[in-house]
Amino acid sequence: MSHDFFSFAILFIIPIIAVTGGITMGIIRTLGQQRMAELARRERIAAIERGMDPDKLPPLAGVEGYEDQSYGGYGNGRLRRAHGLMIGGLITVAAGIGMMILFYSIEPQKQHYVIGTIPLLVGLALLLSSFVIWPRKK
C-alpha cells in the first residue's frame, strides 16, 4: 500500500472518529442525567414512605423544569447557556476578524479577506442569541 492511501484514509478517519465520539459523549451524558433523575425520584419516594411530608421535601433539581435549573442550583440554567453562547460568539468574532486581517495582509489587492465575514457573522449571531436568552428579572 502506498503512502497516498494512508493519507487519504486518515483524511476520512479523523472526522469519522470525531463525529462518533461526539455522538457517544452525548448519549453517555443523557444516560447519566437520566440515571441521576431516577435516583433522585427513588430517594424522594423512600422519604415519603418513611413518613415525610411531600410538601416539605425540596423540589427535584434538574428533573422537572430543566430549562430553569442547572448543576449549580436553581435558576441559573439560562444564565449558563447565555454565558456559553457569549464566550463562543466572542471567540468566533475574534477568529473572523483575525482571518480578515490575515487574508488582507497576504494579498491586499484581492478580496480574499471577505472569507472572514462568515465566522464574524456567525459570532455576531451567537452574541445576539446570548442577549436574547439572557435571564431578566420578572
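All values reported here derive from a predicted model rather than from experimental measurement.

Draft legend 1. Representation of the pattern of salt bridges. Scanning the model with the defined rule gives three salt bridges in all. Between Arg35 and Glu38 there is a salt bridge, with its nearest N and O atoms 3.6 Å apart. Of this pair, Arg35 and Glu38 both sit in helix H1 (residues 3-49), three residues apart, which is roughly one turn of the helix. Note that Glu38 and Arg42 form a salt bridge whose closest N and O atoms lie 2.9 Å from each other. Here the residue Glu38 and the residue Arg42 both occupy positions in helix H1, the gap between them amounting to four residues, near one helical turn. A relative accessible area of 32% means that Glu38 is categorised as partly exposed. A network of salt bridges, in which partner residues are shared, links Arg35, Glu38 and Arg42.

Draft legend 2. Structural detail: the environment of Leu60. With respect to the helices, strands and loops of the structure, Leu60 is situated in the loop between H1 and strand E1 (69-70). For Leu60, a relative accessible area of 12% corresponds to the buried category. Between the C-alpha atoms of Leu60 and Ala40, which are 20 residues apart in sequence, the distance is 6.8 Å.

Draft legend 3. Summary view of helix H3 (residues 117-133). Taking 1.5 Å per residue as the helical rise, H3 with its 17 residues ought to reach 24 Å, and the 24 Å between its terminal C-alpha atoms agrees with that figure. Structurally, H3 contributes buried residues whose contacts are with helix H2 (77-106).

Here is what the cut-offs are and how they apply
- Residues numbered from 1 in each chain as written.
- Predicted model: local features only at pLDDT ≥ 70, side-chain atom pairs only at ≥ 80, totals over all residues.
- Heavy atoms only, no water.
- Salt bridge = Lys/Arg side-chain N within 4 Å of Asp/Glu carboxyl O.
- Helix = DSSP H or I, 4+ residues; strand = E, 2+ residues; numbered from the N terminus.
- Buried < 20%, exposed > 50% of the residue type's maximum accessible area, 1.4 Å probe, protein only.
- Expected span 1.5 Å × (residues − 1).
- Contact = heavy atoms within 4.5 Å.

This is a description of form; function is not addressed.
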